[in-house]
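Residues per chain are reported as follows:
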There are 4 protein chains.
Amino acid sequence: MTEEKPEQRKPSFRKRLYEIIFEADTPAGKAFDVALLILIAASVLVVMLESINYIQIRYGELFRQLEWGFTILFTVEYLFRLYATKKPLAYAKSFYGVIDLLAILQTYLSLFALGYQQLIIIRALRLIRIFRIFKLGHFLQESSVIVNSLKASRAKITVFLLFVLLLVLIIGSVMYVVEGGTNSNFSSIPKAIYWAVVTLTTVGYGDITPVTGLGQFLSAAVMILGYAILAVPTGIVSAEMVFQIQKKQHTTQVCPHCVREGHDIDAVFCKYCGGKLEA
Amino acid sequence: MTEEKPEQRKPSFRKRLYEIIFEADTPAGKAFDVALLILIAASVLVVMLESINYIQIRYGELFRQLEWGFTILFTVEYLFRLYATKKPLAYAKSFYGVIDLLAILQTYLSLFALGYQQLIIIRALRLIRIFRIFKLGHFLQESSVIVNSLKASRAKITVFLLFVLLLVLIIGSVMYVVEGGTNSNFSSIPKAIYWAVVTLTTVGYGDITPVTGLGQFLSAAVMILGYAILAVPTGIVSAEMVFQIQKKQHTTQVCPHCVREGHDIDAVFCKYCGGKLEA
Amino acid sequence: MTEEKPEQRKPSFRKRLYEIIFEADTPAGKAFDVALLILIAASVLVVMLESINYIQIRYGELFRQLEWGFTILFTVEYLFRLYATKKPLAYAKSFYGVIDLLAILQTYLSLFALGYQQLIIIRALRLIRIFRIFKLGHFLQESSVIVNSLKASRAKITVFLLFVLLLVLIIGSVMYVVEGGTNSNFSSIPKAIYWAVVTLTTVGYGDITPVTGLGQFLSAAVMILGYAILAVPTGIVSAEMVFQIQKKQHTTQVCPHCVREGHDIDAVFCKYCGGKLEA
Amino acid sequence: MTEEKPEQRKPSFRKRLYEIIFEADTPAGKAFDVALLILIAASVLVVMLESINYIQIRYGELFRQLEWGFTILFTVEYLFRLYATKKPLAYAKSFYGVIDLLAILQTYLSLFALGYQQLIIIRALRLIRIFRIFKLGHFLQESSVIVNSLKASRAKITVFLLFVLLLVLIIGSVMYVVEGGTNSNFSSIPKAIYWAVVTLTTVGYGDITPVTGLGQFLSAAVMILGYAILAVPTGIVSAEMVFQIQKKQHTTQVCPHCVREGHDIDAVFCKYCGGKLEA
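Summary of the structure given here. Fair warning: this is a prediction, and the values are worked out from it, not measured in the lab.

### Topic: the overall build of chain A
Helix and strand content of chain A: 11 helices and 0 strands. Seen in sequence order, chain A has helices and strands lined up from the N terminus as α-α-α-α-α-α-α-α-α-α-α. Counting all 279 residues of chain A, 48% fall into the buried class. Contacts in chain A between residues at least 24 apart in sequence constitute 53% of all its contacts with a sequence separation of at least 6.

This is the structure we're talking about:
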């Protein structure tokens with residue numbers, strides 16, 4: 001992408017730092033991204049292992065030290081990012097800037113007596129940093145098809161989710177009336193709605209199940225409905241992806257001789273009049 | 001849409017009321033729809049919270065008052081609708097007219113000693129009113145693709161559901177014979193059919209599970225069958241959506257000779273009258 | 001279809017009987033089919049209700065009488081079918097002929113002391129007769145798309161199912177080794193394979209679940225795998241249906257002027273050269 | 001395929017052996033493949049039955065003898081393969097070569113006191129040999145569409161799986177905080193992540209379920225999210241398959257000027273050299 005570099009002078013330290021930290025198309029930039037990815041993954045692993053009781057008891061002290069090690073490294077990275085970019089405020093206010101700050105702030109806050117559990121959520125935010133790695137390389141082109149398809153079908157999926165929400169409210173209310181009397185699991189409408197979601201999405205925990213004959217009959221109807229409904233979002237996304245892929249397959253190049261479109265990406269001559277296409 | 005308004009005279013109150021209440025393309029109409037949406041959502045929330053026992057005990061009196069507040073507002077809205085429309089009877093007999101009436105009637109009926117639980121269903125009907133909001137705006141175009149796809153695949157999905165129904169009857173009968181003797185959960189064919197639906201739709205509560213070796217083997221076969229069957233409705237809807245989206249891709253070019261649309265992107269001549277299309 | 005009837009003479013009773021029983025395009029034929037459908041559905045309902053213990057105790061005698069009533073009616077129908085067709089043996093040996101025979105034979109066999117439960121299966125076979133009703137009408141065209149799509153993807157789905165079978169065998173064996181020692185639910189490879197099917201198809205009863213850390217980790221991997229695999233049969237059927245529907249959208253009509261294909265079904269003139277298409 | 005055989009001399013024993021063992025297009029080669037398939041299936045069945053306790057007790061001695069019989073036959077086959085091929089080392093180091101060796105080695109190793117359970121995994125490897133049978137015949141063409149579609153969507157599915165992994169980590173962490181205090185099933189983040197996978201993939205065992213109101217609300221949100229997400233891999237594979245099938249629809253017409261294929265069905269001129277295609 002940056003094949004031509006008109007500036008022959010040695011770039012400043014700040015500029016080089018920017019290239020390493022924020023870009024991924026130089027060897028140093030790639031190495032930095034990979035190192036950061038490993039660091040993030042390791043810090044997440046520590047958070048996870050720390051939550052297992054018997055491991056925490058045995059290695060608690062080690063985890064505390066690692067935690068501080070990660071925090072210091074991430075703090076240095078954060079400061080470097082602020083220094084390297086030309087608009088530090090814009091970075092600090094960006095989505096990733098806030099995540100980066102929260103990810104280090106939480107360890108410092110733990111020095112003061114904040115609740116342990118609230119901190120875990122903030123620590124989990126570190127995970128979101130991993131998304132940055134997506135910038136790394138050739139995945140970009142592939143994920144653009146997914147993202148474009150989802151963007152194109154966003155309005156349709158919103159309508160669909162609203163419809164599912166209404167359906168779940170109505171099914172839950174009906175089942176509350178049908179099962180509520182004899183089945184303590186359907187003791188309130190919100191619980192019945194929770195059941196309706198579990199059933200309609202075909203998750204089916206089985207922690208709440210109908211026991212009356214009518215309830216079981218209605219449940220069966222809901223399941224078959226869910227079966228049919230499941231087809232809708234899949235259909236939406238499939239159709240959009242077919243369209244996105246087809247769009248990629250065809251150039252919008254127009255034949256200069258017969259002014260017709262629809263040529264394949266590898267076409268050299270017009271398939272309709274045989275005239276040469278322009279490069 | 002209604003950019004040109006030939007009538008220069010001030011519209012009558014009744015006409016303005018009609019525009020506000022029934023249409024959504026004026027600022028006042030939109031505001032009315034949004035206010036109505038919030039009101040409906042609030043009234044539904046009250047019904048839901050009321051069903052939770054310990055909340056009902058504490059806030060029961062407040063809920064009763066809110067309920068009457070909503071009912072009076074909806075009654076006013078209903079009367080305004082009857083007044084604003086030119087054909088009050090047509091509105092009253094329409095789907096939404098009946099829903100609107102039921103939604104207010106149920107509170108008045110509660111003054112007389114009707115069963116509490118039956119009323120909950122009628123109250124749930126209020127939810128259906130939310131669908132009216134779909135008229136609001138740009139969702140219309142998107143949902144038309146979904147609706148068209150579902151309409152186009154209605155006959156196919158009906159055939160599919162009939163097929164699933166038969167399958168479930170047969171699987172249920174067979175499992176009743178196989179498991180019925182040793183497993184009290186398969187004590188009748190309807191119960192076994194309920195199990196078959198739970199399994200085939202991949203919901204899988206686990207409240208009824210096979211215990212014999214043969215039963216588990218047959219279940220596994222049913223699951224893999226369900227896996228393959230699940231592909232059919234999704235395939236139907238996906239294919240229809242691909243077709244619906246492609247139809248939208250057709251040029252909106254109008255033939256200058258016969259003024260008809262729907263020409264392929266590579267068409268040179270009108271397919272209806274044979275006249276030459278403009279480039 | 002049979003618009004022209006060259007024979008002016010009154011058709012024989014046998015021929016009329018044939019038209020009523022075997023065909024569905026005369027009013028009498030349709031009425032016969034609908035009556036038969038109701039009869040079949042009623043007989044199936046009786047079998048189902050009979051299996052519920054407390055209903056059987058109360059209405060057992062009534063069910064026995066109804067059973068005999070259905071059997072006599074179906075026997076008459078079977079004999080009529082044999083009489084009406086020109087090739088009785090061909091009918092008797094056809095798929096539906098065997099089903100029809102089994103459906104009446106089982107009641108007669110119950111006079112002799114055959115096991116009750118085996119008879120239930122044969123009774124369930126009656127359900128298959130309902131499939132005959134599919135001949136009724138306009139569903140035919142719709143189901144032809146489904147049937148064609150499934151036929152076209154048969155080989156692909158077979159390969160897929162074989163692949164799933166192998167996967168399930170391997171996953172089951174691995175989980176037997178991992179969980180077998182500590183978890184009595186994974187006490188044999190067949191049980192572990194049953195679990196693998198339940199998990200991979202996303203049914204998830206929960207009657208058998210992993211308890212060791214490694215087992216839960218592997219299960220999670222299997223689930224995500226199942227998630228991705230689920231896409232394959234759906235993709236196969238979707239793609240075939242897209243193709244089947246597209247094929248229906250385009251006539252294979254060739255323009256008599258420029259000899260090109262691909263005209264829409266409503267095209268009157270060739271979209272390439274503007275020449276008139278033949279009707 | 002090999003209709004013309006220029007060599008008139010009788011092929012050597014080694015060459016004939018190669019054709020029988022490694023190829024499947026002669027009658028003898030097909031017979032060998034089918035015999036091998038039956039042998040593999042039988043040996044796998046024995047491993048499975050052996051794991052069921054009460055069968056093992058009764059038929060243990062028989063199984064031991066069958067096991068040795070299979071091992072000797074597979075050893076002979078392995079030696080023949082080494083002898084028949086021109087590059088024995090290449091075969092021995094190939095994927096199937098290693099599998100073949102492991103499949104026989106495990107029985108010999110059992111003479112020495114290796115752990116029984118570890119051997120089961122190696123025995124399960126025998127199953128992989130069944131894949132070799134896929135070479136048999138006309139399935140090849142069909143599975144090539146599946147394989148091509150999966151290959152083409154590999155990058156997209158990798159991105160998707162990474163996304164799911166991140167989602168599951170974040171959901172698990174959040175639920176650990178929400179439910180961890182009151183629900184012993186969410187006692188660590190890894191357990192909560194296991195729950196998140198079970199829920200998001202709609203498997204839904206029900207061995208771990210939320211009990212707090214907030215937890216159930218979040219679960220419902222996760223399920224509906226999973227519902228929408230399920231559409232993505234299906235959409236990817238569907239779209240690729242539509243494309244793969246369409247590619248097959250392209251005419252196999254060869255340009256008479258530049259001898260290249262892949263022309264659209266409506267192409268008049270070669271898109272590569274501009275020469276006129278024959279009608």
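### Thoughts on helix H9 (residues 189–200) of chain A
The end-to-end C-alpha separation of H9(A) is 16 Å, in line with the 16 Å expected for 12 residues at 1.5 Å each. Most of H9(A) is tucked away: 10 of the 12 residues are buried. Taken together, the buried residues of H9(A) touch helix H8 (154–179) and helix H10 (213–229) of chain A, helix H2 (27–50) of chain B together with helix H10 (213–229) of chain D.

### Remarks on the packing of aromatic side chains
Applying the stated criterion across every chain yields a total of 20 aromatic pairs over all chains. Ring geometry for Phe13(C) against Tyr83(C): centres 6.4 Å apart, planes inclined by 35°, an arrangement best described as tilted. Taken together, the residues span a long stretch of sequence, with Phe13(C) in helix H1 (residues 13–22) and Tyr83(C) in helix H3 (residues 53–84) at a distance of 70 residues. Look at Phe13(C) and you get exposed, because its relative accessible area is 54%. When the ring centre of Tyr83(D) is taken as reference, the NZ or CZ atom of Arg14(D) above it lies at 5.6 Å.

### Regarding a nonpolar patch on the surface
Residue and element names in this part refer to chain B. Taken together, the side chains of Ile72, Val76, Phe80 and Tyr108 make up a nonpolar region of the molecular surface, amounting to roughly 340 Å² of accessible area. Looking at the nonpolar patch element by element, the count peaks at 3 residues for helix H3 (residues 53–84). Within the secondary structure, Ile72 sits in helix H3.

### Here's the deal with the environment of Ser153(D)
Residues and elements named next belong to chain D. Tracing the backbone through its elements, the reader meets Ser153 in the loop between helix H7 (139–152) and helix H8 (154–179). Along the backbone, Ser153 and Pro233 are 80 residues apart, and their C-alpha atoms lie at a distance of 9.0 Å. Apart from the residues lying within four places of it in its own chain, the contact partners of Ser153 are Ile236, Val237 and Glu240.

### Some points on the packing of H2(B) against H3(B)
Residue and element names in this part refer to chain B. H3 packs onto H2 with a crossing angle of 150° between their chain directions and a minimal axis gap of 9 Å. The element H2 and its partner H3 pack so that their crossing is left-handed. Every residue of H3 that contacts H2 at Phe32, Leu36, Leu39, Ile40, Ala42, Ser43, Val46, Leu49 and Glu50 is listed here: Ile55, Gln56, Phe63, Leu66, Glu67, Phe70, Leu73, Phe74, Glu77 and Arg81. Here the contact of H2 with H3 is built from residues that sort into 13 nonpolar, 2 polar and 4 charged.

Calculation criteria
Residues numbered from 1 in each chain as written. Chains lettered and ligands numbered in written order. Predicted model: local features only at pLDDT ≥ 70, side-chain atom pairs only at ≥ 80, totals over all residues. Heavy atoms only, no water. Helix = DSSP H or I, 4+ residues; strand = E, 2+ residues; numbered from the N terminus. Buried < 20%, exposed > 50% of the residue type's maximum accessible area, 1.4 Å probe, protein only. Contact = heavy atoms within 4.5 Å. Expected span 1.5 Å × (residues − 1). Phe/Tyr/Trp six-rings, centres within 6.5 Å; stacked < 30°, edge-to-face > 60°. Lys NZ or Arg CZ within 6 Å of the ring centre and 35° of its normal. Patch = residues over 30% accessible without salt bridge, like charges linked within 9 Å, V, L, I, M, F, W, Y side chains within 5 Å. Areas by Shrake-Rupley, 256 points an atom, 1.4 Å probe, with all protein chains shown as cover. Salt bridge = Lys/Arg side-chain N within 4 Å of Asp/Glu carboxyl O. Axes fitted to C-alpha atoms, helices over the stretch in contact; angles between N-to-C directions. Left-handed = near helix turned anticlockwise from the far one by under 90°. Nonpolar A, V, L, I, M, F, W, Y, C, P; charged D, E, K, R; others polar.

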